[in-house]
Amino acid sequence: MFVYADNAATTSVSKTALDAMLPYLTEYYGNPSSLYAFAQKATEAVTEARATVAACLGAASPREIYFTSGGSEADNQAIMSAARLGARKGKKHLISTKFEHHAVLHTLKRLEKEGYEVTLLDVHEDGVVRLEDVAAAIREDTCLVTIMFANNEIGTVQPIAEIGALCREKGIPFHTDAVQAAGHMPIDVEKMNIDMLSISGHKFHAPKGVGALYCRKNIPLFNLIEGGGQERGKRAGTENVAGIVAMAAALKESVDNMEEDSKKMIAMRDKLFAELSKIPHSKINGSLEHHVPGTVNMCFEGIEGESLLLMLDANGICASSGSACTSGSLDPSHVLLSLGLPHEVAHGSLRLSIGEYNTMEEIDHICQVVPQVVDYLRNMSPVWDELEKGQRPHLI
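Residues numbered from 1 in each chain as written. Predicted model: local features only at pLDDT ≥ 70, side-chain atom pairs only at ≥ 80, totals over all residues. Heavy atoms only, no water.

Asker: I'm lost on the overall build of the protein chain in this one. Help?
Answerer: Each helix and strand in the protein chain was counted, giving 14 helices and 12 strands. Its C-alpha radius of gyration of 22 Å places the protein chain within 12% of the 21 Å reference for a compact globule of 396 residues. Taking the principal axes of the C-alpha coordinates as reference, the protein chain spans close to 75 × 50 × 35 Å. If you take every contact in the protein chain between residues at least 6 apart in sequence, the share linking residues at least 24 apart comes to 73%. Of the accessible surface of the protein chain, which amounts to about 16,700 Å², a share of 52% is contributed by carbon and sulfur atoms. Where the 36 positive side-chain charges of the protein chain centre and where its 51 negative ones centre are 7 Å apart. (Helix = DSSP H or I, 4+ residues; strand = E, 2+ residues; numbered from the N terminus. Rg over C-alpha atoms; globule rule 2.2 N^0.38 Å. Contact = heavy atoms within 4.5 Å. Areas by Shrake-Rupley, 256 points an atom, 1.4 Å probe, with all protein chains shown as cover. Lys, Arg positive; Asp, Glu negative; His and termini not counted. Charge placed at Lys NZ, Arg CZ, Asp CG, Glu CD.)

This is the structure we're talking about:
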């Protein structure tokens, strides 16, 4: 049996998204910047897609939506814009968390080299940032708070509305990387006091290479890409019309079916947690109370995550030991280390991220294979042998 359980890394393109985009690859392929009637079909499609995305996110106006190449670009533009705006006012302090996606962390590191100060908040053992920690970190010169909506590795959800309200009260722009939340959790940027928000289409069944940045109308954006006047002069480059249309269609479909799909995914997720937790010396990572529907992250003591993934692959199961952007690294996940896990434990991590296309039969297959693979790897492991003989203490 083949089981794709890495939907947090990327998803398949849905039939709805594919059907929506095909005409703009073959029939209405004009450049939206051209004036003739043929090209205006593409212009109209982008305009309609912008309105759809705005509605799905609860934006006040479609003009607050800017199309990008994905979540990383949207994160970069939001953070760099807030930093530049802050510098103009003499404010060069930014607040984030230790377990953000590297699109955020690396951008903040770049700003530190330019003389900005960055405070990275703890997320505690449950993977949830505390509102009081955010409040305590705010200073007179704070120009941005950027905290992800849902973590890409452990699936924990942050108190976004409360953080947004705090930032609004203090007059500080608030950005959230919602790449793992969009299409899977209700989002209303107005009600949640969100000033900027990033999404990426390939996380909810649109193609790779297209995303969007929501930016509240009173916050100026600074350009990352110079060139033409596309996206109202804030993001140069001919629009990816087919991708934009597909993303809007996929997002609307996901939002429309969210309640039903969430129930299905939660049932499968909870079964994985229940069955895999029976493996001795295993640990669930992150709070189950504040959690996205489809992500399961666990550690198994005495094994290496890389070996676990290879053996699961041999059994037809696609999984991850962390985010796709860092899965080529042998270093333990910075997300798991931020929870306070020891290196030895973090090395034995497994992320299973299921979607609405998965089935309970596939979950049963995972529940059968994972314990067998863990047992096999432990029997080969000299570390596990030392743990079982009491030569070193168990950490889980």
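Asker: How should the pairing of strand 12 (residues 349-353) be read in this particular structure?
Answerer: Walk down a regular strand and you will see the side chains alternate between the two sheet faces. Counted residue by residue, strand 12 has five buried out of five residues, so it is predominantly covered. Neither face of strand 12 is open: one carries Ser349, Arg351 and Ser353, the other Leu350 and Leu352, and all of them are buried. Relative to strand 12, strand 10 (residues 295-300) is paired through five bridges, and the arrangement is antiparallel. From the neighbouring strand, Cys299 faces strand 12, where its bridge partner is Ser349. (Buried < 20%, exposed > 50% of the residue type's maximum accessible area, 1.4 Å probe, protein only. Pairing = 2+ DSSP bridges.)

Asker: Please explain the packing of aromatic side chains as it appears in this structure.
Answerer: The way to describe two aromatic rings as a pair is by their centre distance and the angle between their planes. Inspection of the entire model under this criterion finds two aromatic pairs. With 5.7 Å between their ring centres and 45° between their planes, Tyr24 and Tyr28 make a pair best called tilted. In this structure Tyr28 comes out as partly exposed when scored by relative accessible area, which is 23%. The lysine or arginine in question, Lys92, covers the ring of Tyr116, its NZ or CZ lying 4.6 Å from the ring centre. (Phe/Tyr/Trp six-rings, centres within 6.5 Å; stacked < 30°, edge-to-face > 60°. Lys NZ or Arg CZ within 6 Å of the ring centre and 35° of its normal.)

Asker: Is there a simple way to explain helix 9 (residues 258-276) in this structure?
Answerer: For an α-helix, 3.6 residues make a turn, and residues three or four places apart therefore share a direction. If you check helix 9, its first and last C-alpha atoms are 26 Å apart, about what 19 residues at 1.5 Å a residue would give, namely 27 Å. Every buried residue of helix 9 is accounted for by Met258, Asp261, Ser262, Met265, Met268, Arg269, Leu272, Phe273 and Leu276. Summarising the axial view, the buried residues of helix 9 lie within an arc of 140°, below the 170-degree limit, and thus occupy one face. Residues of helix 9 that are exposed and angled more than 90 degrees away from the buried face: Glu259, Glu260 and Lys263. Each element contacted by the buried residues of helix 9 is listed here: helix 8 (241-256), strand 9 (282-284), strand 10, strand 12 and helix 13 (360-380). (Expected span 1.5 Å × (residues − 1). Arc of directions from axis to C-beta.)

Asker: Looking at this structure, how should I read the environment of Cys167?
Answerer: On the secondary structure map, Cys167 appears in helix 7 (residues 160-170). For Cys167, a relative accessible area of 0% gives the class buried. If sequence neighbours within four positions are ignored, Cys167 has contacts with Val145, Ile172 and Phe174.

Asker: Which parts of the structure should I look at to understand the side chain of Arg269?
Answerer: The residue Arg269 is located in helix 9 in this model. Taking the relative accessible area as the measure of exposure, Arg269 reaches 8% and is therefore buried. Polar side-chain contacts of Arg269 include one of 3.0 Å to the side chain of Asp270. (Polar contact = N/O pair within 3.5 Å; in protein donor to acceptor, adjacent residues only side chain to side chain.)

Asker: What am I meant to see in the sheet that holds strand 12 here?
Answerer: Strand pairs in the sheet, formed through backbone hydrogen bonds, run parallel or antiparallel to each other. If you trace the three strands from one edge of the open sheet to the other, you get 9-10-12, paired in antiparallel fashion. Of all the strands in the sheet, the pair left with one neighbour each is strand 9 and strand 12. The sheet shows a mean angle of 25° between the axes of neighbouring strands, taken without regard to direction. Sheet topology places strand 9 next to strand 10; three bridges connect them, and they run antiparallel. Of the residues in strand 10, the one forming a bridge with Ile284 is Met298. Strand contacts of helix 9: strand 9, strand 10 and strand 12, with the helix running at about 10° to strand 10, the strand carrying the most contacts. (Axes fitted to C-alpha atoms, helices over the stretch in contact; angles between N-to-C directions.)

Asker: I'm lost on the packing of helix 4 (residues 71-88) against helix 5 (residues 102-113) in this one. Help?
Answerer: Helix packing geometry: the angle between the two helix axes and the distance between the axes. It is at 9 Å that the axes of helix 4 and helix 5 come closest, and there the two elements cross at 30°. Considering only the axes of helix 4 and helix 5, their crossing is right-handed. Contacts between helix 4 and helix 5 pair Ser72, Asp75, Asn76, Ile79, Met80, Ala83 and Arg84 from the former with Ala103, Val104, Thr107, Leu108, Arg110 and Leu111 from the latter. (Left-handed = near helix turned anticlockwise from the far one by under 90°.)

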